[in-house]
Amino acid sequence: MHLTTNALVLREVNYKESDKILTVLTQQEGKLTVSARGCRRKGSAIAAASQLLVWSEMTLYEYRGRWALREAATQRRFDGVRSDLDRLALASYFAEVTELLAEEGQPEPELLSLTLNCLHALDQMDLPLGQVKTAFEWRAMALAGYEPRTEGCAVCGRARPERPCLQLSQGVVRCEGCGGTAGAMPLTDSALTALRHMVAGSPKRLFAVRTDPVSLERLCAASEAYLLTQMERGFRTLDFYQSLRRAGLGPARRPQGGEAHDATV
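The rules behind these values
Residue positions are counted from 1 within each chain, in the order its sequence is given. Given that the model is predicted, a residue must reach a pLDDT of at least 70 before its local features are reported, and side-chain atom pairs must reach 80 or more before they are shown or counted; all residues, however, enter totals for whole chains, interfaces and linings. Excluding hydrogens and water, the side-chain values take into account all heavy atoms of the structure. What counts as a helix is a DSSP run of H or I of at least four residues, what counts as a strand is a run of E of at least two, and both are numbered from the N terminus. Here, two residues are considered to be in contact whenever any of their heavy atoms come within 4.5 Å of each other. We call two strands paired when DSSP finds no fewer than two bridges between them. Lines fitted to C-alpha atoms define the axes, with helix axes restricted to the stretch in contact, and inter-axis angles between N-to-C directions lie between 0 and 180 degrees. Salt bridge, as used here, is a side-chain nitrogen of Lys or Arg placed within 4 Å of a carboxyl oxygen of Asp or Glu. Partly exposed describes any residue whose relative accessible area lies between the buried limit of under 20% and the exposed limit of over 50%, with all areas from a 1.4 Å probe on protein chains only and scaled to the type maximum. Pairing of aromatic side chains requires ring centres within 6.5 Å, counting the rings of Phe and Tyr and the six-membered ring of Trp. Pairs whose planes differ by under 30 degrees are stacked, by over 60 edge-to-face, and all others tilted. The criterion is that NZ of a Lys, or CZ of an Arg, lies within 6 Å of the ring centre and within 35 degrees of the ring normal, and then a charge sits over that ring. Helix span, as expected, comes to 1.5 Å for every residue beyond the first. As used in this structure description, the phrase polar contact means that two N or O atoms lie within 3.5 Å; if the pair is within protein, one of them must be able to donate a hydrogen and the other to accept it, and residues adjacent in sequence are counted only when both atoms belong to side chains.

Some points on the environment of Gly30
Reasoning step 1: Here Gly30 shows up in strand S3 (residues 30–36).
Reasoning step 2: Each C-alpha atom, one on Gly30 and one on Pro107, is 3.9 Å from the other, the two residues being 77 residues apart in sequence.
Reasoning step 3: Residues within four places of Gly30 in sequence aside, it is in contact with Val24, Leu25, Gln106, Pro107 and Glu108.

A closer look at the pairing of strand S5 (residues 66–76)
Reasoning step 1: Relative to S5, S3 runs parallel, the two sharing two bridges. When the sheet's bridge partners are listed, Ser35 is paired in S5 with Ala68.
Reasoning step 2: Here strand S4 (residues 55–63) hands over to S5 after two residues, with Arg64 in that stretch at a positive phi of 55°.

Side note on the sheet that holds strand S8 (residues 184–186)
Reasoning step 1: Strands sit in the order S7-S6-S8 across an open sheet of three strands; the sheet is antiparallel. Two strands lie at the open edges of the sheet, namely strand S7 (172–175) and S8, each paired on one side alone. Taken pair by pair, the neighbouring strands of this sheet meet at an average axis angle of 35°, ignoring direction.
Reasoning step 2: Contacts from helix H6 (residues 213–231) reach strand S6 (164–167) and S8 within the one sheet, and its direction differs from that of S8 by about 160°.

Description of the pattern of salt bridges
Side chains that differ in sign of charge can pair as their charged atoms come close.
Reasoning step 1: Under the criterion given, the structure shown has 10 salt bridges.
Reasoning step 2: One salt bridge in this structure joins Asp123 and Arg76, with 2.9 Å as the shortest N-O distance. Here Asp123 is found in helix H3 (residues 109–124), whereas its partner Arg76 is found in strand S5, with 47 residues between them in sequence.
Reasoning step 3: When its relative accessible area of 4% is taken as the criterion, Asp123 is described as buried.

Considering the sheet that holds S5
Through backbone hydrogen bonds, the strands of a sheet pair up, either in parallel or in antiparallel fashion.
Reasoning step 1: The mixed closed barrel is built from five strands, whose spatial order is S1-S2-S3-S5-S4. When the angles between neighbouring strand axes are averaged without regard to direction, this sheet yields 50°.
Reasoning step 2: Its contacts with the sheet place helix H2 (residues 85–101) against strand S1 (2–15), strand S2 (19–26) and S3, and it is angled at close to 115° to S1.

What about the packing of aromatic side chains?
Reasoning step 1: For the coordinates displayed, the defined rule picks out four aromatic pairs.
Reasoning step 2: With centroids separated by 6.2 Å and ring planes inclined at 45°, the aromatic side chains of Tyr93 and Phe94 adopt a geometry described as tilted. Each member of the pair, Tyr93 together with Phe94, is buried.
Reasoning step 3: Between Tyr93 and Phe235, the aromatic rings sit 5.8 Å apart at their centres with planes inclined by 75°, giving edge-to-face as the arrangement. A residue pair is termed long-range when its members are at least 10 positions apart, and Tyr93 in helix H2 and Phe235 in the loop between H6 and helix H7 (236–247) qualify at 142 residues.
Reasoning step 4: Ring pairs connect the aromatic residues Tyr93, Phe94, Phe136 and Phe235, which therefore count as one cluster.
Reasoning step 5: Positioned over the ring face of Tyr61 is Arg70, at 4.5 Å from the centre of the ring.
Reasoning step 6: In this structure, Arg233 packs its charged tip against the face of Phe235, placed 4.3 Å from the ring centre.

A word on H2
One turn of an α-helix holds 3.6 residues; hence residues three or four places apart share an orientation.
Reasoning step 1: Over its 17 residues, H2 extends 24 Å from the first C-alpha to the last, a length consistent with the 24 Å expected when each residue adds 1.5 Å.
Reasoning step 2: Counting buried residues in H2 gives 14 out of 17 residues, a clear majority hidden from the surface.
Reasoning step 3: The residue sitting at the N-terminus of H2 and contributing the capping side-chain oxygen is Asp84; that oxygen lies 3.1 Å from the backbone nitrogen of Asp86.

Structure below.
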C-alpha cells in the first residue's frame, strides 16, 4: 500500500546507523510513525524532508507493518525559524504539543493548520514571540476540547467580569472578588477580549488581535499555566525555551535575509 500526502515532521529519532524514526502529521491520515531508512547517509534524497519542522510531500509505503518513507519533495523548511534559537525552541515546543494532542491515524486538519500557521508567523511575521505562543496555546487547547469558558463570570454571571481572572483547574473566567486567589491567573479586560478572540475567532485572523504589553504578559502567563494544568505534564522544549529567555539570549542572533513565503495553510 502506498500513500502520497503532505506532512509536517513533529519528531525525529536517530535509529541504527543511518535511519530515523519520524513522527509526522499528515493531511489525509493524521499522525503517523514513519521509518526513514538511509536518510542519514550522505546524499540521501530524503534527508532534507526527514528533519524536524520540515513540511514536505511524502510518498509512503507499508514495510513490515510500519509506514516507510520512499520519496519526498520539501515544500517549506521555515528557514527564518532555524536561524534563530529562540524561534526554533518555540517552534519545537509547538511540535511537541501538537504530537501530544494528535491521535495516531486520526485526521487533524485544524490542528495541522494551526501548527503550520504558527510556524509561518515565527518564520515571516514581525510579531512578539509571546503573542504567537499564547495564540497557539489557547487555540490548541480549544481544538483539543479544553476551551475555557470565557463568556462571563462563572460565579456571578457578569458579562464583563470585574478584574477578570482565569481559574486554571476549572477552565472558567470569573471576577477577582468571586472566589479565592488559589489556582487563579489575573487577566485584564484587554487580555480577556484577546482570549475570546484566540479561542473562538476566525483562524485566519488569529494574530490580528492587538493588546497592550501588560495584558499580553498576563495572557501569556495564563495560557502557559492553563495548558500545563490541563495536560498535567511538562514539556522539555518549553523548559528549554524558557531557559533561553531567562539567560537573555534574545532575537539579536537572527541573521538578516532569507526567502519570503506565503502562509502554508
